[in-house]
Amino acid sequence: MKNTLEKIVRRAAQAAYTAGDLNSGDFGDIVIEEPKVASHGDFATNFALTGASTQKMPPNKIAEAIIRHMDDPEQLIRDTQIAGPGFINFFISPAAWLPVLQAVHEKGALFGAVNIGRGRRVQVEFVSANPTGPLHVGHGRGAVVGDALAAILNFCGFITDREYYINDAGRQIRTLGSSVYLRCMELAGRATDFPEDAYQGEYIYDIARSLMDEKNAALFEMDADSAVDACARYAADKILENIRTDLKNLGIGFDTWFSEQSLYDSGKVAEAIRVLLEKNLAYEAEGATWFKSSLFGDEKDRVIVRGNGLTTYFASDIAYHMDKYDRGYERVIDVWGADHHGYVPRLTAAITAMGREPEQFRVVLAHLVNLVRQGVPVSMSTRAGQFVTLREVVDEVGVDAARFIFLTRHHESPLDFDLELAKQKTNENPVYYVQYVYARISSIMKKAAAEHSIGSHDVDDPMLAMLTEPEEIQLMKQMAKYPEAVAGAAKMMEPHRVAYYLMELAAAFHAYYNKHRVLTQDNELSRSRLCLVKGVRTVIGNGLTLLGVSTPETM
RNA sequence: GCGCCUGUAGCUCAGCUGGAUAGAGCAACGGACUUCUAAUCCGUAGGCCAGAGGUUCGAGUCCUCUCAGGCGCGCCA
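All values reported here derive from a predicted model rather than from experimental measurement.

Rules and cut-offs
- Residue numbering note: each chain is counted from 1, following its sequence as written.
- Both sets of labels track the order of writing: A upward for chains, 1 upward for ligands.
- Totals for whole chains, interfaces and linings use every residue, but because this is a predicted model, local features are given only for residues with pLDDT of at least 70 and side-chain atom pairs only at 80 or more, for both listing and counting.
- Just so you know, side-chain values use all the structure's heavy atoms and leave hydrogens and water out.
- Per the convention used, a helix needs a DSSP run of H or I reaching at least four residues, while a strand needs a run of E reaching at least two, with both numbered from the N terminus.
- Here a helix's expected span is defined as the number of its residues, less one, multiplied by 1.5 Å.
- Burial status follows relative accessibility: with a 1.4 Å probe on protein chains alone, a residue under 20% of its type maximum counts as buried, one over 50% as exposed, and anything between as partly exposed.
- Under the rule applied, a polar contact is a pair of N or O atoms within 3.5 Å (in protein, one hydrogen donor and one hydrogen acceptor; residues adjacent in sequence only if both atoms are side-chain atoms).
- The contact criterion used throughout is that any non-hydrogen atoms of two residues lie within 4.5 Å.
- As used throughout, domain bounds are those supplied by an automatic or database domain assignment.
- Paired strands are those between which DSSP finds at least two bridges.
- A fitted line through C-alpha atoms serves as each axis, taken over the contacting stretch for helices, and the angle formed by two N-to-C directions is quoted from 0 to 180°.
- In these notes, residues near a molecule or strand are those with any non-hydrogen atom within 4 Å of it.
- Amino acids outside the nonpolar list (Ala, Val, Leu, Ile, Met, Phe, Trp, Tyr, Cys, Pro) and the charged list (Asp, Glu, Lys, Arg) are all regarded as polar, and Gly is one of them.
- Joining through side-chain atoms within 4.5 Å is the link that ties buried Ala, Val, Leu, Ile, Met, Phe, Trp, Tyr and Cys residues into a set, and such a set is a nonpolar core.
- By the definition adopted for this analysis, an angle is roughly parallel if under 35 degrees, roughly antiparallel if over 145, roughly perpendicular if from 65 to 115, and oblique otherwise.
- When a carboxyl oxygen of Asp or Glu is within 4 Å of a side-chain nitrogen of Lys or Arg, the pair counts as a salt bridge.
- The disulfide definition used here is simple: a pair of cysteine sulfur atoms within 2.5 Å.
- Handedness of each helix crossing follows the sense of rotation of the near helix against the far helix: counterclockwise by less than a right angle gives left-handed, clockwise gives right-handed.

(A) Broad picture of helix 6 (residues 137–155). Taking 1.5 Å of rise per residue, the 19 residues of helix 6 would be expected to cover 27 Å, and the 27 Å separating its terminal C-alpha atoms lies within 8% of that figure. Here helix 6 lies mainly inside the structure; 16 of its 19 residues are buried. G157 lies just past helix 6 and shows a positive phi near 90°.

(B) Just the side chain of S24, in detail. If you trace the backbone, S24 turns up in the loop between helix 1 (2–18) and strand 1 (32–33). Polar side-chain contacts of S24 include one of 2.9 Å to the backbone nitrogen of D26. Each residue touching S24, except ones within four places of it in the same chain, is listed here: Y17, T54 and Q55.

(C) Spotlight on the domain arrangement of chain A. Considered domain by domain, chain A is made up of domain 1 (2–92), domain 2 (121–164 + 252–366), domain 3 (171–249) and domain 4 (428–547). Its C-alpha centre places domain 3 at a distance of 53 Å from the equivalent point of domain 4.

(D) Up close: the sheet that holds strand 9 (residues 288–291). A sheet is described by the order of its strands in space; here three strands give the open sequence 8-9-10, paired in antiparallel fashion. With one partner strand each, in any of the chains shown, strand 8 (282–285) and strand 10 (302–305) form the two edges of the open sheet. Averaged over all neighbouring strand pairs, the angle between strand axes comes to 45°, with direction disregarded. With three bridges connecting them, strand 9 and strand 10 associate as antiparallel partners. Each bridged residue has a counterpart across the sheet, and for W290 the counterpart in strand 10 is V303. Lying over the sheet, helix 11 (residues 268–278) contacts strand 8, strand 9 and strand 10, oriented at roughly 90° with respect to strand 8.

(E) Molecular detail of the side chain of Q55. For Q55, the position within the fold is in helix 3 (residues 52–55). Excluding its chain neighbours within four sequence positions, the residues that come into contact with Q55 are L22, N23, S24, D26, F27 and I62.

(F) Structural view of the protein's contact with RNA strand B. In the vicinity of RNA strand B there are 66 residues, among which R306, Y436, S443, Y500 and H516 approach most closely. A breakdown of the atoms of RNA strand B within 4 Å of the protein gives sugar and phosphate a share of 67%. Measuring from a phosphate oxygen of RNA strand B, one finds a side-chain N or O atom of R306 at 2.2 Å. Within the backbone of H410, one N or O atom sits 2.4 Å away from a phosphate oxygen of RNA strand B. Mapped onto the surface near RNA strand B, the elements with two or more residues apiece are helix 2 (47–50), strand 4 (87–92), helix 7 (171–187), strand 9, strand 15 (415–418), helix 17 (430–451) and helix 20 (496–515). Ranked by residue count, the leading element in the surface near RNA strand B is helix 17, at eight residues. Across the surface near RNA strand B, the residue classes break down as 26 nonpolar, 22 polar and 18 charged.

(G) Inspection of the sheet that holds strand 13 (residues 369–373) at higher detail. Read across the sheet, three strands follow the order 14-13-15 without closing on themselves; strand pairing throughout is mixed. Every interior strand has two partners, whereas the edge strands, strand 14 (376–377) and strand 15, have only one. Relative to strand 14, strand 13 runs antiparallel, the two being bridged by two bridges. When the sheet's bridge partners are listed, V372 is paired in strand 14 with P377.

(H) Seen up close, the nonpolar core. By size, the foremost hydrophobic cluster in this structure holds 148 residues, and its most contacted members are I66, F417 and M479. Contact partners of M479, with chain neighbours within four places excluded, come to V100, L101, V104, F111, Y501, L505, L532, G535, V536 and V539. The next biggest cluster of nonpolar side chains, apart from the first, holds 33 residues, and it includes Y165, V275, L281 and I318.

(I) Looking closely at the packing of helix 7 against helix 8 (residues 202–221). In the contact formed by helix 7 and helix 8, the axes pass within 9 Å of each other and the chain directions differ by 75°. Put simply, helix 7 runs roughly perpendicular to helix 8. Residue-level inspection shows L176, S179, V180, Y181, R183, C184, M185, E186 and L187 of helix 7 in contact with helix 8, the latter providing I204, Y205, I207, A208, R209, L211, M212, L219 and F220. Looking at the contact of helix 7 with helix 8 residue by residue, the class counts come to 14 nonpolar, one polar and three charged.

(J) Geometry of the pairing of strand 6 (residues 159–166). Counting buried residues along strand 6, seven of its eight residues qualify, which places the element largely inside the surrounding structure. The sheet contact formed by strand 5 (residues 121–125) and strand 6 spans five bridges and is parallel. The partner of E125 across the bridge, within strand 6, is E163. Pairing between strand 6 and strand 7 (residues 256–259): four bridges, direction parallel. Directly across from I166, in strand 7, lies its bridge partner S259.

(K) Quick peek at the pairing of strand 9. Residues A288 and W290 point to one face of strand 9 and T289 and F291 to the other, with burial holding for every one of them. Here strand 8 runs beside strand 9; their pairing, made up of four bridges, is antiparallel. Pairing of E284 across the sheet is with T289, part of strand 9. Remark: two residues form the turn of the hairpin made by strand 8 and strand 9, two consecutive strands paired antiparallel; E286 in that turn has positive phi of roughly 55°.

(L) The pattern of salt bridges, seen in detail. Applying the stated criterion across every chain, the model contains 32 salt bridges. Taking the shortest distance from any N to any O, the salt bridge between E125 and K324 comes out at 2.7 Å. One end of the pair, E125, is in strand 5; the other, K324, is in helix 12 (residues 313–326), and 199 residues separate them in sequence. For the pair E125 and K324, a shared accessibility class is recorded, and that class is buried. The salt bridge partner of D206 is R209, with a shortest N-O separation of 3.1 Å. Residue D206 and its partner R209 are located together in helix 8, separated by three residues, close to a single helical turn. Members of the salt-bridge network, linked through shared partners, are K2, E34, K481 and E484.

(M) View of the state of the cysteines. A full pass over the atoms with the stated rule returns zero disulfides. There is no disulfide at C184, and the cysteine sulfur nearest it, in C231, is 4.7 Å away.

(N) Expanded view of the packing of helix 20 against helix 21 (residues 523–547). Across the interface, helix 20 lies against helix 21 with an axial gap of 10 Å and an inter-helix angle of 155°. It follows from the interaxial angle that helix 20 and helix 21 lie roughly antiparallel. Two packed elements cross with a definite hand, and for helix 20 against helix 21 that hand is left-handed. Contacts from V498, A499, Y501, L502, L505, A506, F509 and Y512 in helix 20 reach R529, L532, V533, V536, V539, I540, G543, L544 and L547 in helix 21.

Following this line, the structure appears as structure tokens:
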């Protein structure tokens, strides 16, 4: 509808220019917007205002010229008005919305799929938590945002892969190994000191116990170094398995689990460093090797090989991202916790240095989550190993509520996750508000089949012209906005837009439901209305699916 | 000290990347169930968009500064 109006206005402007009623043939971008107030019409354009300077004409004159030359062959527009400083307001004929409903039924689960990606390959990397401990709610937020983003991009024509980067190399894995080893010693009755920088959590004991069960004797026969290695491998595998399970319970799966260690094993880290040196993008100084990130917008150069010969995390990250593009992804999206935001400039610099365009890389920062219960912060201390895990949260509030809460905030907005509120089945918890629409309509459809002999297929070709109530027009208008909401979410990488759209559509439906009956004595009217609400159900189901939220037929 | 993010109704948050009179839910108050599910709807009330300047036809939105909160500034990961 918006696009059509834009074309109408552009044609009118062209015609006006040809007729000499406008001074310039340069119309720029013609923006069609939706006024907040109903008295300003269904749509409006500010063309006369933005064009005033190039046309060298007062806005009112421009608006008049546009209206005079407007051609509307499909009779979409009921009325046009000039208002305020020079807005052109369009009032759409009720019947013009009917094709929207037909489109919903024709396209079904694909309604709203605007082809932005055109088959380009994109990779979304998210979570990527170190396998050194259980996931917490902050990881959950990143996980849900990343997953929904991937689903939306995929829906919008990108060939999308989800990837998890496993930091299984480096020091923290070593620390994990020694933590487990020391706990094993302790369990075996060999007193040891447990250093402060080791992982304190209770889960380390669990891992130690199950490791002892499996290879008690063998562990203490090796030298300490190999024992720590064995502990590290065992623990990382165990923890990763749990992470996998937690994510699966949240409805999230990955196409690829990518090992950092594999970059070392295949020589890709060494290769990346060699390439940087070769291209004179890195240099040696003070015994270390530095990448010239300051040439690409970072505030200073960064070390990639330390004085002791070991590579930094940054080095493997450069190799990792090189590899992503080598695997054929045109666009790479990383979802990180906001506490890593300081890392963005240097990685962007590295990617720019590899010759990639800025649009090809994007970091989405998911802000930290404060867990609260009835407004009181739940104390969390990772160091002391006391924290509520993601699993506990999901078990308590449910997958749908958890996902929806993460998705009803802008990802860069801090989030207070209230466990009590999340459990309540009220409007504080809009997921039920939206799901309730799906359930209500499902129920109506069952009743239609059982008591009115109107089956699902009997609504394919009803007398849509009978849909004239304002609430019915409103619903169709609302459905027409869905493709735009999805496209906006994809372009801006803001999945929350889909969630907010769904709440609006749900509100329009509940209002309609309370005012009008779908199933009436008039069979023809019932069929028409059933067609309408079935369309609403399709769009609601479509959106909930994108967000990974279930679509219950009964509640 | 420097950088990034956040600041909108009592609370939790939107505000479509500059448009007209600022939006929703919760909480408060008053109404609507003999009906296709009341996990719903209708109404009332609630605002110096943190503050001050600036840019322009027009600013919650863009620029500068100030204030408050969060996060980050290693040859750690």
